[in-house]
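# Tertiary structure, described
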Amino acid sequence: GRQRIKGKPFTVTEYNHPAPIYYGGEGSLMLAAYGGLQDWDGLWLFDYGHGGPAPGVNMGYVRGFFNVGQHPTAMANLPLAANLFRRGDVRSALHERTVSLSSERELDLLLGATQWNVFSSGQLGMPPGTVFSNRISTVLTDAPMPPPAAITGSNIVSDTGELRWDASAAGSGLLTYNTRKSKGLIGRADNKTVTLDNIAFRPGATKLGWCTLGMTLLRGEVMTNDCTALIVASGWWENTGQVWKDASKTSVGSNWGTAPVLAGVVPFEVTLPVGTNHVRAWVLDERGRRKTALPVLGNA
């Protein structure tokens with residue numbers, strides 16, 4: 001976020017929260033949410049993975065660190081992420097914070113650059129937390145410009161009010177996005193009710209004590225009128241038979257296991273401010289088709 005040059009297009013490529021981390025389903029959602037706030041121009045995940053069927057290519061499980069195409073929670077959240085960023089559900093920030101980069105300072109910084117860190121406005125004093133609240137950029141000018149004030153606290157709200165990054169309680173980090181057409185949470189919210197405007201989300205007990213839970217409109221303009229919405233919940237996953245290298249579960253080395261890939265159930269409730277006679281819900285199959293009707297509880 002601190003690498004954008006003011007007035008130039010900005011894209012982020014080869015992004016991933018790589019396997020075998022259990023929390024990979026968050027990656028596209030976080031990237032899309034803050035990419036929207038920063039008004040970036042394009043996002044790429046790396047990488048979709050091997051195609052198939054093809055000789056020697058076994059499908060149906062995560063085959064490497066960056067494989068998105070067979071990753072159950074990463075794939076499930078892509079429709080939500082697409083709406084957050086491509087449809088523009090997350091509005092760009094209302095205010096932009098900038099720092100200046102002189103031609104002489106640019107040469108000095110390039111002398112110490114590496115292939116993975118050519119430049120960052122953090123070298124010029126841009127506070128890291130600013131990316132969560134405002135749009136940020138660097139202006140190429142020899143005129144001096146004081147850097148923005150540091151962001152304080154661990155509960156940072158975007159200046160649009162739509163994104164909240166709350167790490168104020170140790171071990172209970174929670175990111176929420178609250179837009180007109182998409183709402184949801186990412187983090188530790190087991191058995192807690194998170195209300196976003198007039199929609200309440202309540203995850204139950206999960207295997208990780210962590211989940212993603214989001215709702216996005218596929219048809220209609222508001223969630224309390226004639227509309228169709230998709231709800232996605234994701235959490236724990238693992239390949240069948242994968243073997244962790246040690247108890248810290250930082251890597252599986254080359255022991256990725258086999259198909260089928262497994263995914264934990266995330267129990268949840270979503271409460272809408274409308275009568276049950278206006279609501280119908282279904283479990284979807286692996287192709288997104290309606291499979292089983294769900295009971296809807298509440299007042300008619």
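These notes cover the structure that comes with them. Bear in mind that the values here come from a model prediction, so they are computed numbers and not experimental data. Along every chain, residues carry numbers that run from 1 in the direction the sequence is written. Totals for whole chains, interfaces and linings use all residues, but because this is a predicted model, local features are given only for residues with pLDDT of at least 70 and pairs of side-chain atoms are given and counted only at 80 or more. Excluded from the side-chain calculation are hydrogens and water; included are all heavy atoms of the structure.

## A closer look at the environment of Ala293
A run of H or I in DSSP becomes a helix once it reaches four residues, and a run of E becomes a strand once it reaches two; helices and strands are each numbered from the N terminus. Along the polypeptide, Ala293 turns up in strand β17 (residues 290-294). Look at Ala293 and you get exposed, because its relative accessible area is 54%. Taking the C-alpha atoms as reference, Ala293 lies 4.3 Å from Trp282; in sequence the two are 11 residues apart. The contact criterion used throughout is that any non-hydrogen atoms of two residues lie within 4.5 Å. If we skip the residues at most four places from it in the chain, Ala293 touches Ala281 and Trp282. The rule is simple: take the accessible area with a 1.4 Å probe, protein chains only, and divide by the maximum for that residue type; under 20% is buried, over 50% is exposed, in between is partly exposed.

## Some details on helix α1 (residues 27-37)
Buried residues dominate α1, accounting for 11 of its 11 residues. Inspection of α1 places Gly27, Ser28, Leu29, Met30, Leu31, Ala32, Ala33, Tyr34, Gly35, Gly36 and Leu37 among the buried residues, and these make up the whole buried set. Downstream of α1 by one or two residues, Asp39 has phi in the positive range, about 60°.

## Structural notes on the sheet that holds strand β6 (residues 163-166)
Should DSSP find at least two bridges between two strands, the strands are taken to pair. Ordered by their spatial adjacency, 6 strands build an open sheet running β5-β6-β7-β8-β11-β12, and the pairing between neighbours is antiparallel. Strands with a single pairing partner mark the edges of an open sheet, and in this sheet they are β5 (155-157) and β12 (228-234). Here the average twist between neighbouring strands, direction ignored, is 10°. Inter-axis angles, ranging from 0 to 180 degrees, are taken between N-to-C directions of lines fitted to C-alpha atoms, where helices are fitted over the stretch in contact. Sheet contacts for α1: β6, β7 (174-178), β8 (182-187) and β11 (211-219); angle to β6, the most-contacted strand, approximately 125°. Most of the contacts of helix α3 (residues 78-85) go to β11, to which it runs at about 65°, and overall it touches β7, β8, β11 and β12.

## Points about the layout of surface pockets
Estimated volume of the second largest pocket: approximately 790 Å³. Buriedness for pockets is judged along seven lines, at least five of which must meet protein on both sides within 12 Å for an open set on the 1 Å grid over protein atoms alone, while cavities are sets there where a 1.4 Å probe fits but cannot get out, and lining residues have an atom within 4 Å of a point. Residue lining of the second largest pocket: 27 residues in total, with Gly1, Arg2, Gln3, Phe10 and Val12 positioned closest to the centre. Residue assignment for the lining of the second largest pocket shows that the elements contributing at least two residues are β1 (11-15), α1 and α4 (103-111). Residue polarity is assigned by list, with Asp, Glu, Lys and Arg as charged and Ala, Val, Leu, Ile, Met, Phe, Trp, Tyr, Cys and Pro as nonpolar; anything else, Gly included, falls into the polar class. A class-by-class count of the residues in the lining of the second largest pocket yields 18 nonpolar, 6 polar and 3 charged. Grid points are joined across faces, edges and corners, and a volume is the space filled by probe spheres set on the points.

## Examining the side chain of Gln242
Checked against the element boundaries, Gln242 lands in the loop between β13 (237-240) and β14 (258-263). We classify Gln242 as buried; its relative accessible area is 9%. Within polar-contact distance, the side chain of Gln242 engages the backbone nitrogen of Asn239 at 3.0 Å. Every residue in contact with Gln242, bar those within four places of it in the chain, is listed here: Pro20, Trp237, Val252, Asn255, Trp256 and Gly257. In protein, a polar contact requires one atom able to donate a hydrogen and another able to accept it; more generally it is a pair of N or O atoms within 3.5 Å, and residues adjacent in sequence count only if both atoms are side-chain atoms.

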